[in-house]
Amino acid sequence: MESKLREIIKSISAADAAAVKAAEERQAKLAKPPGSLGVLEDISVKLAGITGQVKNKVDNTRILVFAADNGVVSEGVSCTPQSVTASQVMNMTRHKTGMSTLAKEFGCSIEIYDMGIATPYNGTGIINRSLGAGTANIAEGAAMTREACVTAIMTGIEAADRAAADGIQAVGIGEMGIGNTTTSACVLAALTGSDAQQVCGRGGGLTDTAFEHKKEVVARALEVNKPQRDDPIDVLAKVGGFDLAAMTGAFIGCAKSRIAAVVDGYISTVAALCAVRLCPAVRDYIFLSHASFEVGCRIAQEALDLKPCLLLGMRLGEGSGCPIMFQVMRAACSIICDMASFEEAAINDSYLEEIRRIDGFTVKK
């Protein structure tokens, strides 16, 4: 199966440079000072590079949620009981969590994948791709086998393929799994060479004593497993989780199918970094939604060399930043699709010639 994954990675191409240039040229012709719509312009140009078309829509959206439990919770790294993973997944199907409430409000579809929920549950609307009742305790050994990790990655790719087949124009990638800020911290530390002090946050909330213990657990997991920095699959298998691996695959799958992939918070950003480390071209398909409150998220965003669009003080996870980001993307599309050009607005734009020559404005008339 890993050979198939490698073939998929090789097939992924970077953004369409000609479409990017055409979108930049259209933005320069619209009736506004150059660069005056800031990130909205950048988003529309990036979308053009993804689809190969200057004018795009983000009307049909989906959030993929990958849910799994993590054996490391036995170390006391979370204040939340493991059973909450199953409870919240069920609440997502009823549109009663933070993410699913927003998704319902904005008309986003949701697909939830059970990658390894430990607590039994009863209900419909969850796709069973379970690889077991949670991962092993990373403080004592590897989270999973390399084979299981590749299977999880391929599940994420298949989820993105399914979204593309359904005509989805942008995919948000979220998660549910108690203890996954700890696994994310381990993966991020392994990929970037950061230490536990730099990548650990309080997750859902920890006392000072529990927070210090969490850092110790992360440091111990890295020492016990010795993940190989230049091999993201090894990193995910040793100190990651079923959810993180599947999310990594979803980002790769979006690039494979040439659809936009929206990152949520800390866990989602770490998964995006894993995907980019496996296939650098994936970066051209990724949009960061919000600046997570988790300290490690900033390190991951810097490693991706991408900036979030929303400053809302969020730290919920689940994919909650994605439905909000979809609306920003829709706004960006409306500008490049429907705004009048100087010619259409009957405005002589010669007064902007000097402004266009100012350093910092890279667009051309």
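Refer to the preceding data block for the structure.
Since this is a predicted model, take the numbers as computed values, not measurements.

Quick word on the pattern of salt bridges
Here is step 1: This structure, assessed with the given rule, holds 14 salt bridges.
Here is step 2: Ionic pairing is found between E111 and R62, a salt bridge with its closest N-O pair at 3.4 Å. Placement of the pair is E111 in strand β2 (residues 109-116) and R62 in strand β1 (residues 61-68), with a sequence separation of 49 residues.
Here is step 3: Between K226 and E223 there is a salt bridge; the shortest N-O distance is 3.1 Å.

Concerning the layout of surface pockets
Here is step 1: Computed from the structure, the largest pocket encloses a volume of approximately 490 Å³.
Here is step 2: Elements with a minimum of two residues in the lining of the largest pocket: α4 (83-93), β4 (170-176), α7 (180-192) and α12 (266-278).
Here is step 3: Volume-wise, the second largest pocket comes out at about 420 Å³.
Here is step 4: For the second largest pocket, the lining is made up of 15 residues, of which D42, K46, D305, L306 and K307 are closest to its centre.

Some details on the environment of A133
Here is step 1: Of note, A133 is situated in the loop between β3 (126-128) and α6 (146-165).
Here is step 2: Residues A133 and T119, 14 residues apart in the sequence, show an inter-C-alpha distance of 7.5 Å.
Here is step 3: Discounting chain neighbours no more than four positions away, the residues touching A133 are G116, I117 and A118.

Examining the environment of A332
Here is step 1: With respect to the helices and strands, the residue A332 is situated in helix α14 (residues 322-338).
Here is step 2: A332 sits in the buried class, given a relative accessible area of 0%.
Here is step 3: Measuring from C-alpha to C-alpha, the distance between A332 and E216 comes to 44 Å, with 116 residues separating the pair along the chain.
Here is step 4: Other than its neighbours up to four places away in sequence, A332 contacts L40, I43 and S44.

With respect to the packing of α7 against helix α10 (residues 232-239)
Here is step 1: Between α7 and α10, whose axes approach to 9 Å, the crossing angle comes to 150°. Taken together, α7 and α10 sit at an angle that is classed as roughly antiparallel. Here α7 runs over α10; the crossing is right-handed. Contacts from T183, C186, V187, A190 and L191 of α7 reach α10 at P232, V235, L236 and V239.

Observations concerning the packing of aromatic side chains
Think of a pair of aromatic rings as described by two things: how far the centres are apart, and how the planes are tilted against each other in angle.
Here is step 1: This structure, assessed with the given rule, holds 1 aromatic pair.
Here is step 2: Sitting over the face of the ring of F287, K46 holds its NZ or CZ atom 5.0 Å from the ring centroid.
Here is step 3: A cation sits over an aromatic face here: K215 above F211, 4.2 Å from the ring centre.

A closer look at α14
Here is step 1: The end-to-end C-alpha distance of α14 is 24 Å, a good match for the 24 Å that 17 residues give at a rise of 1.5 Å each.
Here is step 2: Within the sequence span of α14, burial applies to C322, P323, M325, F326, V328, M329, A332, C333, I335, I336 and C337.

Thresholds, definitions, all that
- Residues numbered from 1 in each chain as written.
- Predicted model: local features only at pLDDT ≥ 70, side-chain atom pairs only at ≥ 80, totals over all residues.
- Heavy atoms only, no water.
- Salt bridge = Lys/Arg side-chain N within 4 Å of Asp/Glu carboxyl O.
- Helix = DSSP H or I, 4+ residues; strand = E, 2+ residues; numbered from the N terminus.
- 1 Å grid on protein atoms, 1.4 Å probe; cavity = no way out; pocket = protein on both sides within 12 Å on 5 of 7 lines; lining within 4 Å.
- Points joined across faces, edges and corners; volume = space filled by probe spheres on them.
- Contact = heavy atoms within 4.5 Å.
- Buried < 20%, exposed > 50% of the residue type's maximum accessible area, 1.4 Å probe, protein only.
- Axes fitted to C-alpha atoms, helices over the stretch in contact; angles between N-to-C directions.
- Parallel < 35°, antiparallel > 145°, perpendicular 65-115°, else oblique.
- Left-handed = near helix turned anticlockwise from the far one by under 90°.
- Phe/Tyr/Trp six-rings, centres within 6.5 Å; stacked < 30°, edge-to-face > 60°.
- Lys NZ or Arg CZ within 6 Å of the ring centre and 35° of its normal.
- Expected span 1.5 Å × (residues − 1).

These values are about where atoms sit, not about what they do.
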